[in-house]
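Structural overview
These are the residues of each chain, in order.
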Amino acid sequence: MKRIVSIQDISCLGRCSLTAALPVISAMGVECAVLPTAVLSTHTAFPGFTCRDLTDQLAPVADHWAAQGIRFDAIYTGYLASAAQAEAVCQFFDRFKTPDTLLFVDPAMADNGRPYAGFDADFPRAMARVCARADVIVPNLTEACLLTGTAYRTAYGEDDLRGLLQALAALGPRYAAITGVRLAPGQLGVLAYDRAEDRFFAHAGEHIPASFHGTGDVFASACVGGLMNGLDLAAALALAADFTVECIRRTERTPDNWYGVEFERALPYLVRRVEDLRP
């Protein structure tokens, strides 16, 4: 069985970060080890949440794993709360990457033209150093702009997006994908670039005009899980996008959907798709 380690925070209540990554990846038939960067009582949409930073625990956990000879088929990073955590992740890459280890980075730090609360103007440079080590990065449009120093706009043509992807790839990763882009009227999807082959590819799905906490985490988790099931990146991105749409579709009918995307209801769909697509 393939083994992924996911490095990001865990919200004890609410559907995001490790709370989403662990069940999604496990449902896809892949072991998911976790390295929590922080423990939150709830996700950040709840008022008055508590947070315990675990930066000082990252190196000791890595030391123990190295002493046990632990190996990973993929290292998947999500939300990192500080430049110190970004540096710790780079050190983890150096210790655990082998020629067969996939480095998959979701540079979760911003959306809708603004960085998340708590990030200063220097943080994108720290995240760019993490992205430079990766094989695959999957930023949204805001994060892509921050990583490349590009002014954010609400409307982009396909040529603009392709230029942005090439700028992302120039940071270092072989593959860059921008999520949540409008590719046609009524459609939302992902546009990606393979730097080694100088090739673009895309997948579009239905645009459901709703937004829920945790959809980016669900997308990234399904994508890296697809890659561990033998899918190529184009197929893994398409699977992740379709699964995310299915999650949104099932959540929009729920009155308290601010709590987070109800991915649990869509896991049977994901399992069937993986079984159909697996080589």
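Preceding this paragraph is the structure being described.
All values derive from a computational prediction rather than experimental measurement.

**Describing the environment of Gly172**
Mapping Gly172 onto the fold places it in the loop between helix H6 (158-169) and strand S9 (175-184). Given a relative accessible area of 28%, Gly172 falls into the partly exposed group. Leaving out residues up to four positions away in the same chain, Gly172 has contacts with Ala132, Ala134 and Arg195.

**Describing the sheet that holds strand S5 (residues 102-105)**
Ordered in space as S3-S2-S1-S4-S5-S8-S9-S10-S11, the nine strands form an open sheet in which the pairing is mixed. Among the strands making up the open sheet, the edge pair consists of strand S3 (51-53) and strand S11 (199-206). As paired elements, S9 and strand S10 (residues 187-194) share seven bridges and run antiparallel to each other. Residue pairing across strands places Tyr175 opposite Asp194, the latter belonging to S10. Here H6 sits on the sheet and contacts strand S8 (136-137), S9, S10 and S11; the angle it forms with S9, its principal contact strand, is near 165 degrees.

**Examining the pattern of salt bridges**
By the definition in use, this model includes 17 salt bridges. In this structure, the salt-bridge partner of Arg199 is Asp194, at a minimum N-O distance of 4.0 Å. The closest approach of N and O atoms between Glu262 and Arg265, which form a salt bridge, is 2.6 Å. The exposure class assigned to Glu262 is buried, which follows from its relative accessible area of 6%. Bridged by salt links that share partners, the residues Arg174, Asp194, Glu197 and Arg199 form one connected network.

**So, the pairing of S9**
Regular strands place their side chains on alternate faces of the sheet. Bridge count for S8 against S9 is two bridges, and the pairing is parallel. Across the sheet, residue Ile137 finds its bridge partner in S9, namely Ala176. Taking the residues that link successive antiparallel strands as the turn, the S9-S10 hairpin has two residues, and the phi of Gly186 there is positive, at about 80 degrees.

**Observations concerning the layout of surface pockets**
Its boundaries defined by the atoms lining it, the second largest pocket holds a volume of some 160 Å³. Forming the boundary of the second largest pocket are Ile7, Leu35, Thr55, Leu58, Ala59, Ala62, Ala88, Val89, Gln91, Phe92 and Arg95. Secondary-structure elements contributing two or more residues to the lining of the second largest pocket are helix H2 (55-67) and helix H3 (83-96). For the lining of the second largest pocket, the element with the most residues is H3, which contributes five residues. A breakdown of the residues in the lining of the second largest pocket according to their chemical character gives eight nonpolar, two polar and one charged.

**Quick look at the nonpolar core**
Nonpolar side chains in soluble globular proteins tend to be buried together. With 47 residues, the main nonpolar core has Phe104, Leu237, Phe243 and Leu270 as its most contacted residues. Elements represented by at least two residues in this core include exactly helix H1 (17-27), strand S4 (74-77), S5, S9, S10, helix H7 (215-228), helix H8 (233-251) and helix H9 (267-277). Broken down by element, the residue count for this core peaks at ten residues, all from H8. Beyond its immediate sequence surroundings of up to four residues, Leu270 is in contact with Val24, Met28, Ala222, Leu239 and Phe243. Membership of the second largest hydrophobic core comes to 45 residues, among which are Leu58, Cys90, Phe119 and Ile178.

**Re the packing of H2 against H3**
Running from amino to carboxyl end, H2 crosses H3 at an angle of 10 degrees, the nearest separation of the two axes being 10 Å. Between H2 and H3, the interaxial angle falls into the category roughly parallel. Across from Thr55, Leu58, Ala59, Ala62, Asp63, Trp65 and Ala66 in H2, the residues of H3 making contact are Ala84, Gln85, Ala88, Phe92, Arg95 and Phe96. Each residue belonging to the contact of H2 with H3 can be placed in one class, and the counts come to nine nonpolar, two polar and two charged.

**A short note on the pairing of S4**
With burial as the criterion, each face of S4 is covered, one bearing Ala74 and Tyr76 and the other bearing Ile75 and Thr77. One ladder, built from four bridges, connects S4 with S5; its direction is parallel. For Thr77, the partnering residue across the bridge sits in S5 and is Val105.

**Side note on the packing of aromatic side chains**
In this structure the tally under the stated criterion is ten aromatic pairs. Seen in terms of ring centroids, Tyr79 and Phe119 are 5.6 Å apart; in terms of plane orientation they differ by 40 degrees. Their pairing is tilted. One end of the pair, Tyr79, is in the loop between S4 and H3; the other, Phe119, is in the loop between strand S7 (114-115) and helix H4 (123-133), with 40 residues separating them in the sequence. On the basis of relative accessible area, Tyr79 is assigned to the partly exposed category, the value being 24%. An angle of 25 degrees between the planes, with centres 4.4 Å apart, marks the rings of Phe92 and Phe96 as stacked.

Rules used in this analysis
Residues numbered from 1 in each chain as written. Predicted model: local features only at pLDDT ≥ 70, side-chain atom pairs only at ≥ 80, totals over all residues. Heavy atoms only, no water. Helix = DSSP H or I, 4+ residues; strand = E, 2+ residues; numbered from the N terminus. Buried < 20%, exposed > 50% of the residue type's maximum accessible area, 1.4 Å probe, protein only. Contact = heavy atoms within 4.5 Å. Pairing = 2+ DSSP bridges. Axes fitted to C-alpha atoms, helices over the stretch in contact; angles between N-to-C directions. Salt bridge = Lys/Arg side-chain N within 4 Å of Asp/Glu carboxyl O. 1 Å grid on protein atoms, 1.4 Å probe; cavity = no way out; pocket = protein on both sides within 12 Å on 5 of 7 lines; lining within 4 Å. Points joined across faces, edges and corners; volume = space filled by probe spheres on them. Nonpolar A, V, L, I, M, F, W, Y, C, P; charged D, E, K, R; others polar. Core = buried A, V, L, I, M, F, W, Y, C linked by side-chain atoms within 4.5 Å. Parallel < 35°, antiparallel > 145°, perpendicular 65-115°, else oblique. Phe/Tyr/Trp six-rings, centres within 6.5 Å; stacked < 30°, edge-to-face > 60°.

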